[in-house]
Amino acid sequence: MAPEALARRLRAGDAASVLDVRDRPEFESWHVDGRRVTARQVPHVKFVAAGATGDATDPLPDDLSEPIVVVCGRGAASAEVASDLAAAGVDAVNLAGGMDAWAETYLAEPVVDDDDLAVIQYQRPSSGCLAYLVVAGDDAVVIDPLRAFADRYVADAAARDATIVRAVDTHVHADHVSGVRAVADAAGARATVPAGARERGLAFAADLVADGDEIRVGDATLTAVDAPGHTSEQICLRLDRAGDAPSVLFSGDALFLGSVGRPDLEAGESGARGLAERAYETLHDRLLALPDDTILAPGHVADVADAGGLDGRPAVYAAPLSAVRDLDVLALDRESFLDRVASSLPPRPANHERIVAANLGTATMDDETAFEAELGPNNCAIE
């Protein structure tokens, strides 16, 4: 099975049984996951031993229903196990390329696709990271790009007869290595980051945007909205469209479809409550003050099966702002919100300190190190 096929299957909400034949530490640190996924780990060596005794199905967990997708690191050991299981009558397939290929899987779906404006959402199912390409006329802007896919954005803009003029980050990311500089270099574009990144130690040349600043893309305009909380410098970008068409809010990690951004990745637990206070003001005074039909386009998705929140775009992770107003965390009063958001947080993203340093330009990572550093769930939400 191609990893793209598995991603689309999970995105559609279909159930999947996954047999992971890597060692336990590798599985526990990161594996194919989701509420519709039943994932079990049995090391490859157990299947080798079982095959030697004549019954390759002995190590197979009883609670994995068929068909079973067999996974390993690069697809070789899992191909062997899947073949042996299939020969024994089990409906089993190999995930081609293994977890390496899963990490490289990147889907693109239109959020808006009008004659004069397109908004393309990029989805990385292995981590839940979302990025966006806005195309208007001959110009394009990419928002929250990943370095691993810098060439993809440039090629996709060119396929629409457009050139990327800006690569913009909504904040200093802690879960993936930013692609703003790589895209700028590849496309001859301008790397753009929030002005507050200077206070965090920004060490490379970039255009700075602050609240109210406008970024032109063709005849369209992206307006920066100050949105601290997840980080001190976080901005959102509001794309206003012609006529009565609803605006699109690229919310970064300020607001997701089912949660809000955690406040502890920049200042640690000691500074979390202060940023949570700012998050409360961002959410209630700025973002929730926007019209109900505003399309919320977040920076992450928690579960691959959460697509379909936008009518007419069932394969995208976006929804009208009205659909998220009733989130439990948004109904809390200020003190209850602070208590909830600043405590009992999940584990931080793997290698987050190294990734932040790379994204500020205070440290360097080669492509291979960067790819390995960002493997795993993003964990940027409070839950």
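Residues numbered from 1 in each chain as written. Predicted model: local features only at pLDDT ≥ 70, side-chain atom pairs only at ≥ 80, totals over all residues. Heavy atoms only, no water.

### Regarding helix α10 (residues 334–341)
Every α-helix winds through 3.6 residues per turn, so residues three or four apart in the chain are directed the same way. Spelled out, the test is: Each residue is placed in one exposure class: buried if its accessible area under a 1.4 Å probe, protein chains only, is under 20% of its type's maximum, exposed if it is over 50%, and partly exposed if it falls in between. The numbering of helices and of strands both runs from the N terminus, where a helix is a DSSP run of H or I of at least 4 residues and a strand a run of E of at least 2. Directions drawn from the helix axis to the C-beta atoms are what define this arc. Any two residues whose heavy atoms approach within 4.5 Å at even a single point are treated as in contact. Here a polar contact is recorded for every N or O atom pair within 3.5 Å, except that within protein the pair must consist of a potential hydrogen donor and a potential acceptor, and residues adjacent in sequence are included only if both atoms are side-chain atoms.
Taken residue by residue, α10 has F337, L338 and V341 as its buried positions. The buried residues of α10 occupy one face: seen down the axis, they fall within an arc of 100 degrees. For α10, the secondary structure elements touched by its buried residues are α8 (268–287) and α9 (328–331). For α10, the side-chain oxygen to backbone nitrogen distance between the N-cap and E335 is 3.3 Å, and the N-cap itself is D333.

### Brief notes about the pattern of salt bridges
Here is the rule: By convention in these notes, a salt bridge is any Lys or Arg side-chain nitrogen within 4 Å of a carboxyl oxygen on Asp or Glu.
Following the criterion strictly, the structure yields 26 salt bridges and no others. With its nearest N and O atoms 2.8 Å apart, the salt bridge here joins D20 to R22. Here D20 matches R22 in class, with each residue buried. A single salt-bridge network, built from bridges that share partners, covers R35, D303 and D306.

### Some thoughts on unusual backbone geometry
A cis amide bond links E66 with the next residue in sequence, P67, at an omega value of 0 degrees. Mapping P67 onto the fold places it in the loop between α3 (44–53) and β3 (68–71). Positive phi outside glycine occurs at N351, with the angle close to 60 degrees. Along the chain, N351 turns up in the loop between α10 and α11 (352–360).

### Section: the side chain of T192
As for its position among the elements, T192 is in strand β10 (residues 190–194). Beyond its immediate chain neighbours, meaning those up to four positions away, T192 contacts R166, A167, V168, D169, V180, D207, V209 and I215.

### Let's talk about the packing of aromatic side chains
Note the threshold: Stacked, tilted and edge-to-face pairs are distinguished by plane angle, under 30 degrees for stacked and over 60 for edge-to-face with tilted covering the rest, among Phe, Tyr and Trp rings (Trp via its six-membered ring) whose centres lie within 6.5 Å. Comment: the charge-over-ring label is applied if NZ (Lys) or CZ (Arg) is within 6 Å of the ring centre and within 35 degrees of the ring normal.
This model, assessed by the stated rule, comprises six aromatic pairs. For the ring pair Y106 and F149, a centre distance of 3.8 Å and an interplane angle of 10 degrees mean the geometry is stacked. Note that Y106 is positioned in the loop between α5 (98–104) and β5 (107–113) and F149 in the loop between β8 (139–143) and α6 (150–159), a separation of 43 residues in sequence. Of the two residues, Y106 and F149, both sit in the buried class. Seen in terms of ring centroids, Y280 and F337 are 5.3 Å apart; in terms of plane orientation they differ by 65 degrees. Their pairing is edge-to-face. Remark: F337 occurs in helix α10 and Y280 occurs in helix α8; sequence separation between them is 57 residues. Taking relative accessible area as the criterion, Y280 reaches 13% and is therefore assigned buried. Judged by relative accessible area, F337 falls into the buried class, the value being 0%. Three or more aromatic residues link up through ring pairs in this structure, and these residues are Y106, Y122, F149 and Y153. One residue, R181, lies across the ring of F204, its end atom 4.2 Å from the ring centre.

### A closer look at the state of the cysteines
By definition, a disulfide links the sulfur atoms of two cysteines through a covalent bond. How we decide: Any pair of cysteine sulfurs within 2.5 Å is marked as a disulfide.
Evaluated as defined, the whole model comprises zero disulfides. C129 takes part in no disulfide bond, and the closest cysteine sulfur, belonging to C380, lies 7.1 Å away. The class of C129 is buried, set by a relative accessible area of 1%. A disulfide-free cysteine, C236 has its sulfur positioned 14 Å from the sulfur of C380, the nearest such atom. On the basis of relative accessibility, which here comes to 0%, the residue C236 falls in the buried class.

### Notes on α11
The buried fraction of α11 is high, at seven of nine residues. For α11, the complete set of buried residues consists of H352, I355, V356, A357, A358, N359 and L360. Where α11 is buried, its residues meet α7 (180–187) and α12 (367–373).

### Quick look at the sheet that holds β3
Adjacent strands of a sheet form backbone hydrogen bonds with each other and so pair up, either parallel or antiparallel. Inclusion rule: At least two DSSP bridges between two strands are needed for those strands to be called paired. Where helices are involved, their axes are fitted lines through C-alpha atoms of the stretch in contact, as for all axes, and angles between N-to-C directions lie from 0 to 180°.
Taken together, the four strands give an open sheet; going across it, the order is β2-β1-β3-β4, and neighbouring strands pair in parallel fashion. What marks the edges here is a single partner per strand, and that holds for β2 (37–41) and β4 (92–94). Neighbour-to-neighbour, the strand axes of the sheet open up by a mean angle of 25 degrees, direction not taken into account. Contacts from helix α4 (residues 76–87) reach β1 (16–20), β3 and β4, with the element oriented near 160 degrees to β4.

### Quick look at the sheet that holds strand β11 (residues 207–209)
Read across the open sheet, the seven strands follow the order β5-β6-β7-β8-β9-β10-β11; overall the sheet is mixed. Taken across any chain shown, the strands that pair with only one partner, and hence form the sheet edges, are β5 and β11. Between one strand and the next, the sheet's axes are offset by a mean angle of 25 degrees, whatever the strand orientation. By the bridge criterion, five bridges tie β8 to strand β9 (residues 163–168) in an arrangement that is parallel.

### Observations regarding the environment of M365
When you line up the elements, M365 lands in the loop between α11 and α12. Exposure remark for M365: the relative accessible area of 12% places this residue in the buried category. For the pair M365 and R124, spaced 241 residues apart in sequence, the C-alpha separation works out to 21 Å. Excluding residues that lie within four positions of it along the chain, M365 makes contacts with R147, V177, R354, I355, A358, A370 and A373.

### A closer look at the nonpolar core
Spelled out, the test is: Throughout, nonpolar core names a set of buried Ala, Val, Leu, Ile, Met, Phe, Trp, Tyr and Cys residues whose side chains join them through atoms within 4.5 Å.
Core analysis: the largest hydrophobic core is formed by 49 residues, its most contacted members being W102, V111, L239 and F250. In terms of residues, this core owes the most to one element, strand β7 (residues 129–136), which gives four residues. Ignoring sequence-local partners within four residues, the contact set of V111 consists of V119, Q121, Y132, I295, L310, R313, V316 and A318. A118, Y153, A174 and A187 belong to the second largest nonpolar core, which has 34 residues in total.

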